[in-house]
Every structure is written in structure tokens, then in C-alpha cells.
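# Architecture at a glance
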Amino acid sequence: MTRKAPNALSSSDTLARRVEELDTIASVLPMERRDELAELLTDQDIETLRHLVNEGMGANTLRALTSDLAYLQAWSLAAIGRSPPWPAPEALLLKFVAHHLWDPQKRLTDPDHGMPPDVENKLRLQGFLRSSGPHAPDTVRRRLATWSTLTKWRGLQGSFTSPALKSAIRLAVRATPRPRKRKSAKSVTGDVLQKLIGTCRTYSLRDVRDKAILMVAFASGGRRRSEIAGLKIEQLQPEEPIQIDEAPPLLSRSIHLGRTKTSGADGDEVVYISGRPVDALNAWLAAAKIDKGSVFRAIDRWGNVSRRSLDPKAINDIVKHRADLAGLDPAEFSAHGLRSGYLTEAANRGIPLPEAMEQSRHRSVQQASRYYNSAQRRSGRAARLMD
């Protein structure tokens, strides 16, 4: 019989324990690639996440924090051969900036400029890098902010406010200008949504599920993909049917979002859906025989419905897949297009901005009004001088 070396056995036991500990917080922090995270994250990292779950930190914030933490661990292992030290020295922070914010033109004449090829290859093989070129400045700033926050939670002080780091970021951003890109090139407005829904023609579980996802995500105010993927039966409440004129009453449900990206610490955001989206949702729940737990789940090739919730990325994939089936360019649409499309459609229909924001749960009038301003400019007199 082959025996494992003591250190190998210890390592295997450690990984198994970490996977189990990550599973204990999966209900609040849904995660794919749990085995890989168990290898990347340290015991202290996982304990920090467990503490934050117990403290009631929002699931969306925890997801973003875990993603950033995993990336920092992977980058540090690739760049210096070990996990990042706490607190990180200023030199390591400057290295992080140099590896992620660089000038593509300068790299043509200086191969050592930017992220070294061996570091880049390791991150790419692990799935942490998907595109070539420098990172977006906002992504780099966010990951540094996560690094800083984790440092403070450990009761330590870092060099994140040092003049050298601030100067390095400022100069790097100035040297590598990047046009700001919208999260979705095109909004999924009402006409586009109908085309996407039109591809869900059959009574197959996949068609029934995708139709419900598209309609619920749009009608509930353009919900974020993480909110749709993580939706639980327990968040849905039946409401009194809505009577409109002499027509049959519309079924209505409330969706209790709990704490969201923009709500306060004690906030329980609530939005409402009625009519066709509720019908589509009920059809999916009945077809999949779901009466508790996750609402939207994966379906394997044999038609079996998983017990676990969809990964947020799957919502994006569904939008692109349906766009492709509808004869649209999938590169131009994403899950965020449902969010921007909701506000754009509300503006096109003359719905007051405050009313639309009550459903979308935007907190920034400035951000939400951009869609209204575009719609008004497009249909306004100034754009119709040749009529």
C-alpha cells in the first residue's frame, strides 16, 4: 500500500478543512471554484470571511472582497513566490501597480515593462487573466482598497496612503489612457427583451428558466446579476392581485432583497413584480418543483436541476446566449444591459425618474438620470430640427 508523506497528508487535510469551512458560508457567499479558493486562501483569510458573514456584511460586498482577495493571493504567489505579507511593504504595492498599469506602446520596445510574462502566464492558466493589456485603473484601485481594508481588519497599518503609491498610480493612469467602457455596449430595452424572450419558445426546463430570469430581472428594476443568481424562495412574498379596469387581476409578488450594494446597514430593499413576470416565475418554480432554497439553478445536459444557485456569471452567459439565438450580436449585450435597459425603457415610456428609481433602487440620481437624459435628448426638439 502506498503511504502519503506526512506533509502531503497534512496538506490534504488542510485543503479538505478549508473546503468544508468555505461550504459553511456558501449560503451567504455563493462561490464556484471552491477547491481552488481553498488552495489560494490562507486559514486567516477564511476566518476573516467567516467573521464578516457573522457580522452581517452584505453578500455582494463579500463576493467582491473574496474575488479580490483570491486575485491578490494568486498574484503574490506568482510574483514573489508566497502569500502577500501583512502589512504589505510599500515596494510590493508599487510592484502591484507596475504589473497592472503599464503602457502597451512602451512594452513594444521594453519587454520588461509591465507584468512579467511568467507571472502573466501563471495567472492566465488559473483563470485570473482573460484579456491582454493593462488593467482598468478602477480595478487596480478597488483591489488596493480591498488590500487596505483587509490590512486594517488585521489590526495593522499599511502604506496605502503613501505619496509614492499615489504618485505611481496617477502617473501610470496618465501614461495609459483608457476610454471608459459601458458594462453593456447596448441596453436591453423592451423591444430587445421581447426578442430575447422570443427564443424561449418551448416548455423545456432551460427555456422556462431563462424566460423567468429575463423577465424577473428586467421587471424588478434591472436587478444585478448577483441578486438574481442568489435569489431564494424565502425572499418572495405573494401580494394582493392588482386590478386594472375590467381586465383579469394581475398576480403580484414582492422581492425582499435584504441588504444590497446601495442600501444601509439595516436596509431591507423591497421591489415588486406583477403580471407576466410573475406568471413566468411561477411556471419555472412549478416545472422545476422548487419550493425552498435557490430560485434559479443550473440544469445539466440530462435535464436534472441542481440544488445550488446559479453562479452570477451564468446570468451574463444566458443573456449573451439568448441574444445570439435572437440574431443579435452577443458581444453587445450583457446582464448589466437589463439594468440600464430598465431605466432607458422607463424614460422612453415617460415614467418619472423618482418612480423608476424606487424600483431599480438606484441611490445616485446623477447615475440614473444619465439614461433619462439620453432618452430625452434623442426624442427632444433639438434632435429633430430636420423634421
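Report follows, based on the coordinates. (Residues numbered from 1 in each chain as written. Predicted model: local features only at pLDDT ≥ 70, side-chain atom pairs only at ≥ 80, totals over all residues. Heavy atoms only, no water.)

## Section: the packing of helix H11 (residues 205-219) against helix H14 (residues 312-325)
Orientation of H11 relative to H14, taken along the N-to-C sense of each, is 105°, at an axis distance of 11 Å. Our classification of the angle between H11 and H14 gives roughly perpendicular. Residue-level contacts link Arg206, Asp207, Arg209, Asp210, Ile213 and Leu214 of H11 to Ile315, Ile318, Val319 and Arg322 of H14. For the contact of H11 with H14, the class distribution of residues is five nonpolar, no polar and five charged. (Axes fitted to C-alpha atoms, helices over the stretch in contact; angles between N-to-C directions. Helix = DSSP H or I, 4+ residues; strand = E, 2+ residues; numbered from the N terminus. Parallel < 35°, antiparallel > 145°, perpendicular 65-115°, else oblique. Contact = heavy atoms within 4.5 Å. Nonpolar A, V, L, I, M, F, W, Y, C, P; charged D, E, K, R; others polar.)

## Considerations on the nonpolar core
Ranked by internal contacts, the top residues of the largest apolar core, which has 49 residues, are Ile255, Leu281, Trp284, Val295 and Phe296. No other element matches H11, which puts eight residues into this core. Residue contacts for Ile255: discarding those within four places in its chain leaves Val216, Ser220, Leu231, Gln235, Leu236, Glu269, Val270, Val271 and Ile273. Formed by 24 residues, the second largest nonpolar core is a distinct cluster that contains Leu72, Ala88, Leu144 and Ile169. (Core = buried A, V, L, I, M, F, W, Y, C linked by side-chain atoms within 4.5 Å. Buried < 20%, exposed > 50% of the residue type's maximum accessible area, 1.4 Å probe, protein only.)

## Section: the pairing of strand E2 (residues 250-258)
As paired strands, strand E1 (residues 236-242) and E2 are joined by five bridges and run antiparallel to one another. The residue of E2 that forms the bridge with Pro238 is Arg253. The sheet contact formed by E2 and strand E3 (residues 269-274) spans six bridges and is antiparallel. By the bridge assignment for E3, His256 is matched with Val270. (Pairing = 2+ DSSP bridges.)

## Some words on empty space enclosed by the protein
Enumeration according to the criterion identifies one cavity of 30 Å³ or more in this entry. The computed volume of the largest cavity comes to approximately 70 Å³. In terms of lining residues, the largest cavity is bounded by 13 residues, among which Trp102, Met115, Glu120, Leu129 and Gly133 are the most central. Broken down by secondary-structure element, the contributors of at least two residues to the lining of the largest cavity are helix H5 (90-100) and helix H7 (117-125). Taken together, the residues that form the lining of the largest cavity break down as four nonpolar, six polar and three charged. (1 Å grid on protein atoms, 1.4 Å probe; cavity = no way out; pocket = protein on both sides within 12 Å on 5 of 7 lines; lining within 4 Å. Points joined across faces, edges and corners; volume = space filled by probe spheres on them.)

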